[in-house]
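Descriptive analysis of the structure
Okay, here's what each chain looks like letter by letter:
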Amino acid sequence: MQALVYTANEEMEFREEADATPLDAGETLVEIEAVGICGSDMHAYLGHDPRRVPPLILGHEAAGRVLDGPLSGKRVVLNPLITCGHCDHCLNGQQNLCAERDLIGMYRPGAFAQRISMPHRNLIEIPEGMDAALAALTEPAATAIHAVNLAERALARPISEARALVIGGGSVGLFAALTLAHRGVTRLTLADTNLLRRKSAEKTGVAEIINPIDHPAADSSFDLVIDAVGGKASRQASVASVVPGGVIMHIGLMDNNDGLDIRRITLQEITFIGTYTYTPVDLRNTLRHLHSGALGKLDWIDERPLAEGAKAFKQLNSGDCGAPKVILRP
Ligand SMILES: [Zn+2]
Ligand SMILES: [Zn+2]
């Protein structure tokens, strides 16, 4: 089969690879129709993720058609998070915290390919006729929706009353903003340093869009801050921007250290919450939201053939691609 393979630092190669084969009983082959490029794929491409060792097929935001097994012929979204299914976390609906969790495109091949083998229980059927590129947005959108769900429980007042700041206008940040708007948040600001991404975000019409470099957000007026970047500067901005008693959701993982003013967090009773991926139920709910149009017109997707994936990685890295999400089609 043909696949886009991460071969070395900043090298992606579209080439012939051995066909996908089931790694286990209970797995099934899926023909990929659409697969998104994630910030974490970019992170790996730059050699910043020790878990993703080349040569490796990356990609985990995928939709396609099942080729065999019980769902043969059905169109599905992949739940890329493979978990044990029997630990306390899995049984408690917190599969994202399973100690044995594995993501496709990390220790096993990902979805930048014509075919992939997946456990049956990681396949979620998609509504008849739903566009594969739209369905492939389920994974990043679910990451944002899971984070907003956690934030909603931590806020002292109803989320619709909150003044909210989202830092980062990639797909997860943008989906966080769209989800907040859908839940009635009207005082919403989105910050991104990239002009092209600010322009894409502006088109959604749900938030005031700012360049954080021009607006050092130190006025401590946001009840909720969602950090979809996760770097030192964005963490500093998060702590400086949040109201006393407010909530910071930390989603991005650009780097791991620095930027937290622990003194302010302590003295102002700020809630700082880390959030990772989603549960299977989050994925199902997100798919329904995308299909119903609840998150608005998602016309900011940039679709390209998988064969041109290497160029997309280069452009995303140099900041020459303003689309919050590039979807590749094998
Ligand atoms: Zn991702
Ligand atoms: Zn488990």
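Note that the structure is predicted; figures quoted are calculated from it, not measured.

**Here's the deal with the pattern of salt bridges**
If you walk through the whole model with that rule in mind, you get 15 salt bridges. With a shortest N-O distance of 2.6 Å, glutamate 152 and arginine 183 are connected by a salt bridge. Linking glutamate 152 in helix 4 (residues 138-154) with arginine 183 in the loop between helix 5 (171-182) and strand 12 (187-191), this pair joins segments that are 31 residues apart in sequence. Judged by relative accessible area, which is 33%, glutamate 152 ranks as partly exposed. Judged by its relative accessible area of 24%, arginine 183 is partly exposed. Through salt bridges with shared partners, a single ionic network connects Asp49, Arg51 and Arg52.

**Topic: the nonpolar core**
Formed by 51 residues in total, the largest nonpolar core has its most connected members in Phe175, Leu180, Leu224 and Ile226. Contributing elements (two or more residues each) for this core: helix 3 (132-135), helix 4, strand 11 (163-167), helix 5, strand 12, strand 14 (222-227), strand 15 (242-250) and helix 9 (280-292). The biggest single contributor to this core is helix 4, with 7 residues. The residues that make up this core include at least three from each of domain 1 (2-137 + 298-329) and domain 2 (143-274).

**Focus on helix 9**
With 13 residues, helix 9 should cover 18 Å at 1.5 Å per step; its first-to-last C-alpha distance of 19 Å lies within 8% of that length. If you check which residues of helix 9 are buried, you get Asp282, Leu283, Thr286, Leu287 and Leu290. Across the axial projection of helix 9, the buried residues extend over an arc of 135°, all falling on one side. In helix 9, the exposed residues that point more than 90 degrees away from the buried face are Val281, Arg288 and Ser292.

**A word on the coordination of the zinc ion (ligand 1)**
At 2.1 to 2.3 Å from the zinc ion (ligand 1) lie its protein donor atoms, namely Cys38 (SG) and His60 (NE2). Of this pair, cysteine 38 sits in the loop between strand 3 (27-36) and helix 1 (39-45) while histidine 60 sits in the loop between strand 4 (56-57) and strand 5 (61-66), and the two are 22 residues apart along the sequence. On the basis of relative accessible area, cysteine 38 is assigned to the buried category, the value being 16%.

**Side note on the sheet that holds strand 13 (residues 208-210)**
Read from one edge to the other, the open sheet built from 6 strands follows the order 13-12-11-14-15-16, with strand pairing classed as parallel. The open sheet has two free edges, formed respectively by strand 13 and strand 16 (271-274), since each of these has just one partner strand. Recorded for the sheet is a direction-independent mean angle of 15° between the axes of neighbouring strands. Against the sheet, helix 5 touches strand 11, strand 12 and strand 14, its axis set at about 175° to strand 12.

**Things to note about the side chain of threonine 83**
Relative to the helices and strands, threonine 83 resides in the loop between strand 7 (81-82) and helix 2 (88-91). Setting aside its immediate chain neighbours within four residues, threonine 83 contacts Cys90, Gln95, Cys98, Arg101 and Arg121.

**Digging into the coordination of the zinc ion (ligand 2)**
The protein atoms that coordinate the zinc ion (ligand 2) are Cys84 (SG), Cys87 (SG), Cys90 (SG) and Cys98 (SG), at distances of 2.3 to 2.4 Å. Around the zinc ion (ligand 2), the 4 donor atoms sit at angles spanning 105 to 116°, and that spread fits a shape best called tetrahedral. Read in sequence order, the donor residues for the zinc ion (ligand 2) give the motif C-x2-C-x2-C-x7-C. Across this residue pair, the class does not change: cysteine 84 and cysteine 90 are buried.

**Overview of the pairing of strand 3**
Buried residues dominate strand 3, accounting for 8 of its 10 residues. In terms of strand pairing, strand 3 meets strand 9 (residues 115-119) through 5 bridges, oriented antiparallel. Looking at strand 9, one finds that glutamate 27 is bridged to proline 119. The sheet contact formed by strand 3 and strand 5 spans 6 bridges and is antiparallel. Looking at strand 5, one finds that alanine 34 is bridged to alanine 63. Examined bridge by bridge, strand 3 and strand 18 (residues 325-329) share 2 bridges and lie antiparallel to one another. Across the sheet, residue valine 35 finds its bridge partner in strand 18, namely leucine 328.

**Some points on a nonpolar patch on the surface**
Together, Leu260, Ile262 and Phe272 make up an exposed nonpolar region whose accessible area comes to about 240 Å². Relative to the helices and strands, phenylalanine 272 resides in strand 16. Overall, the relative accessible area of 31% leaves phenylalanine 272 in the partly exposed class.

Procedures and definitions
- Residues numbered from 1 in each chain as written.
- Chains lettered and ligands numbered in written order.
- Predicted model: local features only at pLDDT ≥ 70, side-chain atom pairs only at ≥ 80, totals over all residues.
- Heavy atoms only, no water.
- Salt bridge = Lys/Arg side-chain N within 4 Å of Asp/Glu carboxyl O.
- Helix = DSSP H or I, 4+ residues; strand = E, 2+ residues; numbered from the N terminus.
- Buried < 20%, exposed > 50% of the residue type's maximum accessible area, 1.4 Å probe, protein only.
- Core = buried A, V, L, I, M, F, W, Y, C linked by side-chain atoms within 4.5 Å.
- Domains from an automatic or database assignment.
- Expected span 1.5 Å × (residues − 1).
- Arc of directions from axis to C-beta.
- Donors = N, O, S within 2.8 Å, 3.2 Å for Na, K, Ca; no water.
- Pairing = 2+ DSSP bridges.
- Axes fitted to C-alpha atoms, helices over the stretch in contact; angles between N-to-C directions.
- Contact = heavy atoms within 4.5 Å.
- Tetrahedral: all angles 85-135°; square planar, octahedral: opposite > 155°, others 65-115°.
- Patch = residues over 30% accessible without salt bridge, like charges linked within 9 Å, V, L, I, M, F, W, Y side chains within 5 Å.
- Areas by Shrake-Rupley, 256 points an atom, 1.4 Å probe, with all protein chains shown as cover.

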